[in-house]
Amino acid sequence: MAVGPGTLPQLHPVSGFRLGIASAGIKKPGRRDVVLMELAEGSSLAGVYTLNAFCAAPVRICKQHQAASPSRYMLVNTGNANAGTGEQGMADAMACCEAVAERCAVPVEAVLPYSTGVIGEPLPVDKIIAALDAAKADLSEDNWEAAASGIMTTDTRPKAASEQIQYQGKTITLTGISKGSGMIMPNMATMLGYVATDAEVPQELLQQWLTNVADRSFNRITVDGDTSTNDSCMLAATGASGVRIDGSDYELAALFTEALERVMLELAHAIVRDGEGATKFVEICVESAGTSPEALDVAYTIAHSPLVKTALFASDPNWGRILACVGRAGIDNLDLDALQIYLNDVCIVENGGRAASYTEEAGQAVMDGEEILIRVVLNRGQVTERVWTTDLSHDYVSINADYRS
């Protein structure tokens, strides 16, 4: 179950970035569950990672390796998170890196590992290593769609986005994939995501742009309020297009960062649309806030409310649940008479209570749709923040009750 058609766009190859997919049979026999990604020599790579204190072994090694050496390969396995596995988990992740390094003739620090799946189970190292030769042989710049499927766990469909921008007669490509469906909550990165471009971007600037854009995309989605142990989001720049972006050309930098934000927003929204058991795609927009933190406090209080989420699933215009969330979000000196709350363009609250113009029929018409906008206008400043979330359905409970079976 997911919201919207889920049709993938045309995925443009990124020169200097290849992907190979293979089957290790980690959780299901025959499933293509190992993805190897190759960055051309001289590429730059930026990353943002989960803030969960129990971050998985591959996350810890990624950080170490990324700081120690230019990155050349990224290895992803699904079906096993290699989290909560202690020192053995570190040794297992390193063994996989060493096997890639040996096959690809690069230093072990040039290999970054990523794992996703069940927490607390030993990583099946032998199965992963046995699949590496097939993954390497499959390396191709055209393998984005297959890789999008290869990194899925409870996802019901692959997630990918791609754009090309033109500048002074040259083409710059950005293409990316993501996975995520449950255990989705901002705290970077709430999923696995990989975006590549053929522009040349210095690593420090690439990291700055990734962090900023992730905060407005992947750090603004939530399905269930749970931050994973394994979240990582990576941005690679191969330089193969011959276009260098170093910030000195403001117009070029703006074109690139705007395209990057569109790609990452599309990937982030795709995660919400495929949230476990989701039947609604919900944008929560808090306008005219005094500060960004207070706007996000209101937005997340609404997004994480089981009462609001179950009303959304039932298509029930129970607007009192939304009003209650705004009231308990902890905003100091909130002027109840000054704020308004809307469902799409239907005003449901003003002057401290139900809007005089509101009708149950109008609210019901909004709630019957698959895509809903909840808009809160605080009228206390100039700040606007947006968060995207889902409803809470019976299927969410079933999926997570049966996750390890």
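All figures in this text were calculated on a predicted structure; none of them were measured in a lab. Numbering of residues begins from 1 in every chain and follows the order in which that chain's sequence is written. Only residues with pLDDT of at least 70 get local features here, since the model is predicted, and only at 80 or more are side-chain atom pairs given and counted; chain-wide, interface and lining totals rely on the full set of residues. To obtain the side-chain values, all non-hydrogen atoms of the structure were included, while hydrogens and water were left out.

**Q** What is the right way to look at helix H10 (residues 360–367) in this model?
**A** An α-helix turns once every 3.6 residues. As a result, residues three or four positions apart point the same way. Each residue's exposure class comes from its accessible area (1.4 Å probe, protein chains only) as a fraction of the maximum for that residue type: buried when under 20%, exposed when over 50%, partly exposed otherwise. Starting at the N terminus, helices and strands are each numbered in turn, a helix being any DSSP run of H or I of at least four residues and a strand any DSSP run of E of at least two. Within H10, burial applies to Gly363, Val366 and Met367. In an axial view of H10, the angular spread of the buried residues amounts to 95°, which keeps them on one side of the axis. Exposed residues lying more than 90 degrees from the buried face of H10 are Glu361 and Ala365. The criterion used for residue contact is that any of the two residues' heavy atoms lie within 4.5 Å. Of the surrounding elements, those touching the buried residues of H10 are helix H8 (306–313), strand E11 (340–343), strand E12 (346–350) and strand E14 (371–377). For this quantity, the arc is that covered by the directions from the helix axis to the C-beta atoms.

**Q** Looking at this structure, how should I read the pattern of salt bridges?
**A** Should the charged atoms of two oppositely charged side chains come close, the side chains can pair. The rule for a salt bridge is simple: a side-chain nitrogen of Lys or Arg has to be within 4 Å of a carboxyl oxygen of Asp or Glu. A complete count under the given rule lists 14 salt bridges for this structure. Measuring nitrogen to oxygen at the nearest pair gives 2.7 Å for the salt bridge that ties Arg262 to Glu163. Taken together, the residues span a long stretch of sequence, with Arg262 in helix H6 (residues 250–273) and Glu163 in strand E6 (residues 159–167) at a distance of 99 residues. Relative accessible area serves as the criterion here: at 40%, Arg262 is assigned to the partly exposed category. Of the residues examined, Glu163 reaches a relative accessible area of 19% and is grouped as buried. In this structure, Arg375 and Glu287 form a salt bridge, with 3.2 Å as the shortest nitrogen-oxygen distance. Within this pair, whereas Arg375 is found in strand E14, its partner Glu287 is found in strand E10 (residues 281–289), the two being separated by 88 residues in sequence.

**Q** What is the right way to read unusual backbone geometry from this model?
**A** Only a minority of non-glycine residues have a phi that is not negative, and only a minority of peptide bonds are not trans. Here the phi dihedral of Asn333 falls at roughly 55°; this positive angle occurs in a residue that is not glycine. The residue Asn333 is located in the loop between helix H9 (319–327) and E11 in this model. Accessibility expressed as a relative area gives 76% for Asn333, which makes it exposed. At Asn344, a position not held by glycine, the phi torsion is positive, near 50°. Structurally, Asn344 can be placed in the loop between E11 and E12. Residue classification places Asn344 among the partly exposed positions, given a relative accessible area of 28%.

**Q** I keep staring at the environment of Val243 and nothing clicks. Help me out?
**A** On the secondary structure map, Val243 appears in the loop between strand E9 (232–237) and H6. For Val243, a relative accessible area of 8% translates into the label buried. If we ignore the near neighbours within four places in the chain, the residues touching Val243 are Lys170, Ile172, Ala199, Glu200 and Leu252.

**Q** What is the right way to read the packing of helix H2 (residues 86–104) against helix H3 (residues 125–137) from this model?
**A** Two numbers describe a pair of packed helices, the interaxial angle and the distance between the axes. In this analysis, axes come from line fits to C-alpha atoms, helices being fitted only over the stretch in contact, and the angle between any two N-to-C directions falls in the range 0 to 180 degrees. Following both chains from N to C, one finds H2 and H3 inclined at 25°, their axes separated by 10 Å at the closest point. Considering their axes alone, H2 and H3 lie roughly parallel with respect to each other. Crossing handedness for the pair H2 and H3: right-handed. Across from Asp92, Ala95, Cys96, Ala99, Val100, Arg103 and Cys104 in H2, the residues of H3 making contact are Val125, Ile128, Ile129, Leu132, Asp133 and Lys136. Our angle categories are set so that under 35 degrees counts as roughly parallel, over 145 as roughly antiparallel, 65 to 115 as roughly perpendicular, and the remainder as oblique. Crossing handedness: left-handed means the near helix sits turned counterclockwise from the far one by under a right angle, and right-handed means the same turn made clockwise.

**Q** Could you clarify how one ought to interpret the pairing of strand E3 (residues 44–49) in this entry?
**A** Each regular strand displays side chains that alternate between the two surfaces of the sheet. Of all six residues making up E3, six are buried, and the element is well covered by its neighbours. With burial as the criterion, each face of E3 is covered, one bearing Ser44, Ala46 and Val48 and the other bearing Leu45, Gly47 and Tyr49.

**Q** Is there a simple way to explain the state of the cysteines in this structure?
**A** Any covalent bond linking the sulfur atoms of two cysteines counts as a disulfide. By definition, disulfides here are pairs of cysteine sulfur atoms that lie within 2.5 Å. Taken as a whole and assessed by the stated rule, the structure comprises zero disulfides. With no disulfide of its own, Cys55 lies closest to Cys62 among cysteine sulfurs, the gap being 10 Å. Left without a disulfide partner, Cys96 is nearest to the cysteine sulfur of Cys97, which lies 7.0 Å away.

**Q** Just to check I follow, could you spell out the nonpolar core for this structure?
**A** Grouped burial of nonpolar side chains is what soluble globular proteins tend to show. Note on terminology: a nonpolar core comprises buried Ala, Val, Leu, Ile, Met, Phe, Trp, Tyr and Cys residues joined through side-chain atoms within 4.5 Å. Grouped together as the largest cluster of nonpolar side chains are 40 residues, with contacts concentrated most on Val201, Phe218, Ile245, Phe256, Leu260 and Met264. Among the elements that take part in this core, H6 stands out by supplying twelve residues, more than any other. Sequence-distant contacts of Ile245, defined by excluding residues within four places in its chain, comprise Ile172, Ala199, Glu200, Val201, Pro202, Leu205, Trp209, Leu252, Ala253 and Phe256. By size, the runner-up hydrophobic cluster in this structure holds 38 residues, among which are Tyr300, Ala303, Met367 and Val377.

**Q** Quick question: what am I supposed to make of the sheet that holds strand E8 (residues 192–197) here?
**A** The strands making up a sheet are joined through hydrogen bonds of the backbone, oriented either antiparallel or parallel. If you trace the five strands from one edge of the open sheet to the other, you get E3-E9-E8-E7-E6, paired in mixed fashion. The sheet terminates laterally at E3 and E6, the two strands that pair on one side only. Across this sheet, the average inter-strand angle for adjacent strands is 10°, counted without regard to direction. Whether two strands pair comes down to DSSP finding at least two bridges between them. One ladder, built from six bridges, connects E3 with E9; its direction is antiparallel. Considered in E9, the bridge of Ala46 is made with Leu235. Packed on one face of the sheet, helix H5 (residues 203–215) meets E3 and E9 and runs near 35° to E3.

Honestly, that's just the spatial picture; any functional story needs more than this.
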